[in-house]
Amino acid sequence: MAKINSTAREGASVTGRDGYIAVKALVYAIAHIQSLPEDRQEYRDMLDMCDLVYESGLSQSLIDMIVYDVERHVQHEVNLYPSEGMDKERSAMRARIDAMKVALAEAIRRFNEGEGEAA
């Protein structure tokens with residue numbers, strides 16, 4: 001078990017990618033809350049988690065990649081913009097993630113074609 005150094009200065013990164021890990025954990029938590037029946041969803045907490053993701057300092061493209069990755073694992077769409085009046089933001093995120101899926105599928109297709117030619 002790793003020992004936590006109590007003399008480490010406050011704000012120091014533990015893993016070198018703390019922000020990424022924290023946002024990914026938040027997106028998994030949001031996905032879980034959204035998968036629950038509506039009467040069991042901790043809606044206010046979920047909204048606050050979404051705010052933490054927006055204010056994380058990570059680029060929008062990295063947040064999109066995290067959402068895409070989490071969606072592949074949980075097998076349902078994650079909505080980081082559940083509040084009323086955020087339809088434009090939600091649509092823009094979905095469009096970016098859909099474009100990412102198309103680009104990834106095209107890259108895999110090209111890779112597989114290249115593998116077939118090499119054989």
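Above this text sits the structure in question.
So, here's what we can say about the structure. It should be emphasised that the depicted structure is a prediction, and the values quoted were computed from it without experimental measurement.

Next up on the list: the packing of aromatic side chains. Tallied over the full model, the rule gives one aromatic pair. When the ring of tyrosine 54 is compared with that of tyrosine 81, the centres are 5.1 Å apart and the planes differ by 10 degrees; the resulting orientation is stacked. Note that tyrosine 54 is positioned in helix α2 (residues 43-54) and tyrosine 81 in the loop between α3 (60-74) and α4 (87-118), a separation of 27 residues in sequence.

The tally for this structure, following the rule as stated, stands at ten salt bridges. In this structure, arginine 72 and aspartate 69 form a salt bridge, with 2.9 Å as the shortest nitrogen-oxygen distance. Note that arginine 72 and aspartate 69 are positioned in helix α3 at a spacing of three residues, about one turn of the helix. Note that arginine 109 is salt-bridged to glutamate 113, the shortest N-O span being 2.3 Å. Residue arginine 109 and its partner glutamate 113 are both found in helix α4; the two are separated by four residues, about one turn of the helix. Take arginine 109: its relative accessible area is 37%, and that puts it in the partly exposed class. With relative accessibility at 41%, the residue glutamate 113 sits in the partly exposed group. Here the residues in one salt-bridge network are Glu106, Arg109, Arg110 and Glu113, joined through shared partners.

Criteria and thresholds
- Residues numbered from 1 in each chain as written.
- Predicted model: local features only at pLDDT ≥ 70, side-chain atom pairs only at ≥ 80, totals over all residues.
- Heavy atoms only, no water.
- Phe/Tyr/Trp six-rings, centres within 6.5 Å; stacked < 30°, edge-to-face > 60°.
- Helix = DSSP H or I, 4+ residues; strand = E, 2+ residues; numbered from the N terminus.
- Salt bridge = Lys/Arg side-chain N within 4 Å of Asp/Glu carboxyl O.
- Buried < 20%, exposed > 50% of the residue type's maximum accessible area, 1.4 Å probe, protein only.

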